[in-house]
Protein chains: 2
Amino acid sequence: MKGLTELLKGVLEGIVLQKIGQGETYGYEITQYLQSIGFEDIAEGTVYTVLLRLEKKELLHVEKRKSELGPPRKFYTLNDSGKYELDKFWEKWFFLSRKLNEIKENDSK
Amino acid sequence: MKGLTELLKGVLEGIVLQKIGQGETYGYEITQYLQSIGFEDIAEGTVYTVLLRLEKKELLHVEKRKSELGPPRKFYTLNDSGKYELDKFWEKWFFLSRKLNEIKENDSK
DNA sequence: CATACTACTTAGTATTACTATTTAGCAAAG
DNA sequence: CTTTGCTAAATAGTAATACTAAGTAGTATG
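How each quantity is defined
By convention here, each chain's residues receive numbers from 1 onward along its written sequence. Each chain is given a letter, starting from A, and each ligand a number, starting from 1, according to the order in which they appear as written. Only residues with pLDDT of at least 70 are given local features in this predicted model, and only at 80 or more are side-chain atom pairs given and counted; all residues enter the totals for whole chains, interfaces and linings. To get the side-chain values, all heavy atoms of the structure are used, and hydrogens and water are removed first. Labels follow the DSSP assignment, with helices taken as runs of H or I lasting at least four residues and strands as runs of E lasting at least two, numbered in each case from the N terminus. Distance and chemistry together define a polar contact, namely a pair of N or O atoms within 3.5 Å, with one atom able to donate a hydrogen and the other to accept it when in protein, and with adjacent residues in sequence counting only for side-chain atoms on both sides. Note on definitions: a residue-residue contact is assigned when non-hydrogen atoms from the two residues lie within 4.5 Å. Residues below a pLDDT of 70 in either copy are left out; the C-alpha atoms of the rest, at least 70 in both, set the least-squares superposition of the copies. Residue proximity to a molecule or strand is established when one non-hydrogen atom of the residue lies within 4 Å of it. Residue type decides the class: Asp, Glu, Lys and Arg count as charged, Ala, Val, Leu, Ile, Met, Phe, Trp, Tyr, Cys and Pro as nonpolar, and the leftover types, Gly among them, as polar. Salt bridges are defined by distance alone: a side-chain nitrogen of Lys or Arg within 4 Å of a carboxyl oxygen of Asp or Glu.

Asker: Can you lay out the side chain of T25 of chain B for me, pointing to particular residues and giving the numbers?
Answerer: All names here are of chain B. Among the structural elements, T25 can be located in strand β1 (residues 25-26). Reaching out from T25, the side chain makes a polar contact with the side chain of E29 at a distance of 2.4 Å. Those residues in contact with T25 that lie beyond four places of it in its chain are K19, I20, I30, K74, F75 and Y76.

Structure, rendered in structure tokens:
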């Protein structure tokens, strides 16, 4: 899907939070995951900037450990602030989602 | 609803296009409409910048006419490019919406 | 004449995703 | 031993977009 860039703003951060919330993971794996579920146009670099931003906001617990293959990985889990932000994200998303559906429905009347 | 700013990026433009697509309207009315359906935090200035952007992209037909009350209004309708963009917007929105639902569902498994 | 409501504009800022490049560890092929 | 390829992370610079805040103006009401 092309041209999602602007729509992704704000959303991508939520997706990454959600993925981390499902269990310890790291940047490269998150990138692969996004590709696999259909976000083919999201580049690696983009994911890492999101992760660094989330780190800066102190929403993540970080642990750098050696990998069995390749260079060391930074493993992430959500801390309490991260879990809170994730909840907030879904609240906002569902609010917006509901509104947009209403607006669209209004069409056929 | 607070803190929607980042989620609104890309979406607001679509909402405005949709509103114009439902019939000739103008900035102030669009602002009132957004307030009325629950987007209380979207300021007037924001709507006007969206409208000017859409004008610049040549997605709108514009007509400045006198108002019965107050200063003249700029009345907008969608031109063909505008209708096309609106369709594209909904495509992108529903793609994203479906993905997000899938991601969220995955939770309960 | 002052106030309120209508209506639009614009300058400056913050946030965020993208592109492109860089650095680096490890393994297998040649 | 060198090259290639995959894994893994970081970063500088750019573009798009919503926000804040302030301003300009027309009309009506008291």
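We are not done yet, so read on.
Asker: Any details on the relation of the copies chain B and chain A? Residues and values, ideally.
Answerer: Superposition of chain B onto chain A requires a rotation of 180 degrees combined with a translation of 0.0 Å along the rotation axis, giving an RMSD of 0.0 Å. Each copy turns onto its partner about a two-fold axis. Relative to the rotation axis, the closest C-alpha in chain B is found at K9 of chain B, a distance of 3.0 Å. When the interface residues of chain B are mapped onto chain A, 100% of them again fall at the interface, so both copies present the same face.

Asker: Can you lay out the protein's contact with DNA strand D for me, pointing to particular residues and giving the numbers?
Answerer: DNA strand D sits among 29 residues. The nearest are Y28, R73 and K74 of chain A together with T46 and R53 of chain B. Taking all atoms of DNA strand D within 4 Å of the protein, the share assigned to sugar and phosphate is 78%. Measuring from a phosphate oxygen of DNA strand D, one finds a backbone N or O atom of L8 of chain B at 3.3 Å. At 3.2 Å from a base oxygen of DNA strand D is found a side-chain nitrogen or oxygen belonging to K9 of chain B. Of all the elements in the fold, those that place two or more residues in the surface near DNA strand D are α3 (27-36), α4 (44-56) and β2 (73-78) of chain A together with α1 (5-8), α2 (11-21) and α4 (44-56) of chain B. Ranked by residues supplied to the surface near DNA strand D, first place goes to α4 of chain A with 5 residues. Its residues assigned to classes, the surface near DNA strand D comprises 11 nonpolar, 9 polar and 9 charged.

Asker: Give a detailed account of the interface of chain B and chain A, specifying residues and quantitative values.
Answerer: Taken together, the contact pairs 33 residues of chain B with 33 residues of chain A. The interface formed by chain B and chain A includes 0 salt bridges. At the junction of chain B and chain A, the tally comes to 4 residue pairs in polar contact (both at pLDDT 80 or more). Those elements that provide at least two residues to the side of chain B that touches chain A are α1, α2 and α5 (80-105) of chain B. When residues of the side of chain B that touches chain A are assigned to their parent elements, the largest contribution, 14 residues, is made by α5 of chain B.

Asker: Describe the protein's contact with DNA strand C, and please don't skip the residues or the numbers.
Answerer: Among the 29 residues in the neighbourhood of DNA strand C, the closest are listed as T46 and R53 of chain A together with Y28, R73 and K74 of chain B. Taking R53 of chain A, its side chain carries an N or O atom lying 2.3 Å from a phosphate oxygen of DNA strand C. Among the elements of the structure, α1 (5-8), α2 (11-21) and α4 of chain A together with α3 (27-36), α4 and β3 (73-78) of chain B are those that each provide at least two residues to the surface near DNA strand C. Residue contributions to the surface near DNA strand C peak at 5 residues, all from α4 of chain B. Residue composition of the surface near DNA strand C, by class: 11 nonpolar, 9 polar and 9 charged.

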